[in-house]
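# Commentary on secondary and tertiary structure
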Amino acid sequence: MSTQNDAFKKLVAHAKEYGFIFPSSEIYDGLGAVYDYGPYGVLLKNNIKEYWWRSMVQMHQNIVGLDAAIFMHPTTWKASGHVDAFNDPLIDNKDSKKRYRADQLVEGYIEKIEAKMEKEVAKGRKRFGESFDEKQFRETHPRVVQYATRIRELQERLGQLLSEGDLEGLKNMIEELEIADPETGSRNWTEVRQFNLMFATQLGAVAGEGGKLYLRPETAQGIFVNFLNVQKTTRQKIPFGIAQIGKAFRNEIVARQFIFRMREFEQMEMQFFVRPGTEMEWYNYWKETRMNWHKKLGTPDSELRFHDHDNLAHYANAAVDIEYRFPFGFRELEGIHSRTDFDLSSHEQHSGKKLRYFDPETKETYVPYVVETSIGCDRMFLAVLSGALQEESVRGAEGKESSRDVLKLPPALAPVKCAILPLKRNEERLTKTAREIFDRLKRSFYCQYDDTGSIGKLYRRQDAIGTPYCITVDFETLDDQTVTLRERDSLQQERIPIDQLEKVIAEKTDMKNLL
Ligand code: ATP
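Just so it is clear, the structure is predicted and the values come from calculations on it, not from any experiment. (Residues numbered from 1 in each chain as written. Predicted model: local features only at pLDDT ≥ 70, side-chain atom pairs only at ≥ 80, totals over all residues. Heavy atoms only, no water.)

In a beta sheet, neighbouring strands pair by backbone hydrogen bonds and run either parallel or antiparallel. The strand order across the open sheet built from seven strands is 3-9-10-16-13-12-11, with neighbouring strands paired in mixed fashion. Both outer strands of the open sheet, strand 3 (63–66) and strand 11 (304–308), are each paired with one neighbouring strand and no more. Each strand of the sheet is rotated relative to its neighbour by a mean of 25°, with strand direction disregarded. Pairing analysis gives four bridges linking strand 3 to strand 9 (residues 240–249), with the strands arranged parallel. Its bridge partner lying in strand 9, Gly65 is registered against Ala243. Running at roughly 160° to strand 9, helix 2 (residues 39–58) makes contact with strand 3, strand 9, strand 10 (264–274) and strand 16 (369–376) of the sheet. (Pairing = 2+ DSSP bridges. Helix = DSSP H or I, 4+ residues; strand = E, 2+ residues; numbered from the N terminus. Axes fitted to C-alpha atoms, helices over the stretch in contact; angles between N-to-C directions. Contact = heavy atoms within 4.5 Å.)

Rendered as structure tokens:
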């Protein structure tokens, strides 16, 4: 646990030190669960968004984009169910005055059993060595079976209580399991209450309920209310999708995990409209397609998994999460939901406007069904960053071992693609040539020219921000117009002509490689 915590602390510190993420309004001691993206953060985030956008909109002729406003007519949120049902069950500890999500307290309890079970499996692996059959072990080892059964029981019970909105049952469960405040150990709990996660504000000069507006808690509704506008203007035929990237706001009760759970965050959502009855086929298609999108980044299989929902949201008939192994364990990164015709039908009812599609193939008019893929951009950022940050020991020029922090980002996502470094900063012939190379390359990529330290120091700095290539200009360059190109991960250095730089770097860092 503590090494996990240390790794996470290191990640947060690295993100700040190297200009990726700052706490919001830090000079005023910050604002809970709100963060700002620094100079390298914004570049990395934009690249993540571009990867998603291009995979959706550029790669699919039947997916188009949208950028809807954050403010929407307040009835939108009545129709979507957010006014009545976008609640989290909260519980306070009377002694510590700390506030928790009741469901997360139970989940924490379940995670502890999971950890015990995994420890047992690890022991088995060690004991049996090569001949270890993990599947058989999990199915037959009495203690492991016992743990697994208990986990299933608890998950099912929690799922049922949540879908029934049974707050008293939830409180009973917490008491029965003797769950204590994780920070103080106290078991002196209040009742469980529902807490609505939407932020409200006021429109213009209209006071009171009439002027009450919400900051959108998801981008999806902007897509639903524009369904016909988009379909008609683009002449799309079902099945087709609408993709959107934008801010969303949730007044999260517990927000302690850096940018994993924020109060202001960004979503990348795509709603795919299909003929009723075909939704499961598309649900499975998007499940696989989205998982492949993650794997294309080189994320190992062991770091990603599907997790089926135990309790379905009011709008869904099937739902799965793609979970990533964050430094604090497997957590939801993306959701894929089969939302039926819930949203469009509800908007029809509340607006009195038809949101239907005439299918020229079947000659029927219907309210389309929807399969949604929804991923948090910031969560994806955290996943990318935590997968990339490594501490390595490397051998320097004189054979001396030293350690380096390196961000092994996929080159297409890296904030800076190459750095141009003169071997000696006081040698004008070198700095002049290096600047010329910088001026040539900057039209094609984000580059940096840096002559503020020894070459070793400059390499370390580029490693820490994940720059895939460093170009070193030395005295040989002046004679033969070649430079050293150093690759971040392998540390291999090759001598190449200046003329070839653009082509080589473009090939390796192009977003095309991911699509
Ligand atoms: P969670 O259970 O973690 O609260 P959720 O199931 O409520 O998430 P969705 O409503 O399905 O999340 O939102 C889709 C995606 O948006 C999530 O998979 C996640 O990546 C992202 N997301 C949701 N809430 C937040 C948040 N508070 N901060 C950052 N990202 C978020």
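What follows continues from the structure just given.
Below, the discussion takes up unusual backbone geometry. In this model, Ile238 is joined to Pro239 through a cis peptide bond whose omega is 5°. Here the phi dihedral of Phe258 falls at roughly 55°; this positive angle occurs in a residue that is not glycine. Position of Phe258 among the secondary structure elements: in the loop between strand 9 and strand 10. Even without being a glycine, Leu491 presents a positive backbone phi close to 65°. Take Leu491: it is sitting in the loop between strand 22 (482–487) and strand 23 (493–497). A relative accessible area of 29% means that Leu491 is categorised as partly exposed. (Buried < 20%, exposed > 50% of the residue type's maximum accessible area, 1.4 Å probe, protein only.)

Let us now look at the site of the ligand. Taken together, 17 residues surround the ligand, and among them Glu252, Arg261, Met262, Glu332 and Leu333 come closest. Glu252 has a polar side-chain atom sitting 2.8 Å from a nitrogen atom of the ligand. Between the ligand and Gln267 there is a distance of 3.4 Å, counted from an oxygen atom to a side-chain nitrogen or oxygen. When contributions to the shell around the ligand are tallied by element, the ones reaching two or more residues are strand 10, strand 13 (329–340) and strand 16. The greatest single-element share of the shell around the ligand, amounting to five residues, is contributed by strand 13. Residue composition of the shell around the ligand, by class: five nonpolar, five polar and seven charged. (Near = heavy atom within 4 Å. Polar contact = N/O pair within 3.5 Å; in protein donor to acceptor, adjacent residues only side chain to side chain. Nonpolar A, V, L, I, M, F, W, Y, C, P; charged D, E, K, R; others polar.)

Strand order in the open sheet formed by three strands is 5-4-6, with antiparallel pairing between adjacent strands. Here the strands that pair on one side only, and so sit at the sheet edges, are strand 5 (99–101) and strand 6 (193–196). Within the sheet, the average angular offset between the axes of one strand and its neighbour, ignoring direction, is 45°. Looking at chain direction, strand 4 (residues 87–92) and strand 5 are connected through three bridges and run antiparallel.

With that settled, consider the packing of helix 5 (residues 102–128) against helix 8 (residues 167–176). As a packed pair, helix 5 and helix 8 sit with axes 10 Å apart at the nearest point and diverge in direction by 35°. Both helix 5 and helix 8 take part in a crossing whose hand is left-handed. On the side of helix 5, the interface is formed by Ala102, Leu105 and Val106, while helix 8 contributes Leu170, Met173 and Ile174. (Left-handed = near helix turned anticlockwise from the far one by under 90°.)

What follows deals with the packing of aromatic side chains. Summed over all chains, the structure comprises 24 aromatic pairs. Consider the rings of Phe8 and Phe328, whose centres lie 5.1 Å apart with planes at 75°: the pair is edge-to-face. One end of the pair, Phe8, is in helix 1 (residues 2–17); the other, Phe328, is in the loop between strand 12 (318–326) and strand 13, with 320 residues separating them in the sequence. Phe328 carries the same exposure label as Phe8, and that label is buried. Within the aromatic cluster, the residues linked to one another by ring pairs are Phe8, Tyr35, Phe258, Phe260, Tyr324, Phe326 and Phe328. Directly above the ring of Trp293 sits Arg290, whose terminal nitrogen or CZ lies 4.3 Å from the centroid. Between the NZ or CZ atom of Arg305 and the centre of the ring of Phe330, over which it lies, the distance is 4.1 Å. (Phe/Tyr/Trp six-rings, centres within 6.5 Å; stacked < 30°, edge-to-face > 60°. Lys NZ or Arg CZ within 6 Å of the ring centre and 35° of its normal.)

What follows deals with the domain arrangement of the chain. The assigned domain composition of the chain is domain 1 (2–85 + 197–385), domain 2 (87–195) and domain 3 (404–513). Computed from C-alpha coordinates alone, the two centres of domain 1 and domain 3 are separated by 37 Å. Both faces combined, the contact of domain 1 with domain 3 buries some 1,500 Å², and carbon together with sulfur accounts for 71% of it. Summed over the shared surface of domain 1 and domain 3, the result is one salt bridge. Top contributing element to the side of domain 1 that touches domain 3 by residue count: helix 2, with eight residues. A per-class count over the side of domain 1 that touches domain 3 returns 10 nonpolar, two polar and three charged. (Domains from an automatic or database assignment. Buried area = accessible area lost by both parts, 1.4 Å probe. Salt bridge = Lys/Arg side-chain N within 4 Å of Asp/Glu carboxyl O.)

Time to look at helix 10 (residues 227–234). Within the sequence span of helix 10, burial applies to Phe227, Leu228, Val230 and Gln231. Along the axis of helix 10, the buried residues cluster in a sector spanning 165°; they form a single face. Residues of helix 10 that are exposed and point over 90 degrees away from its buried face: Lys232 and Thr233. Close packing links the buried residues of helix 10 with strand 3, helix 9 (220–225), strand 9, strand 10, helix 12 (342–351) and strand 14 (357–359). Among the residues trailing helix 10, Arg235 stands out with phi positive, at a value near 55°. (Arc of directions from axis to C-beta.)

This paragraph deals with the pairing of strand 19 (residues 418–422). Of all five residues in strand 19, five are buried, a share of seventy percent or more. Covered by surrounding structure in strand 19 are Cys418, Ile420 and Pro422 together with Ala419 and Leu421, the residues of both alternating faces. Looking at chain direction, strand 19 and strand 20 (residues 447–449) are connected through three bridges and run parallel. Note that in strand 20 the partner of Ile420 across the bridge is Tyr449.

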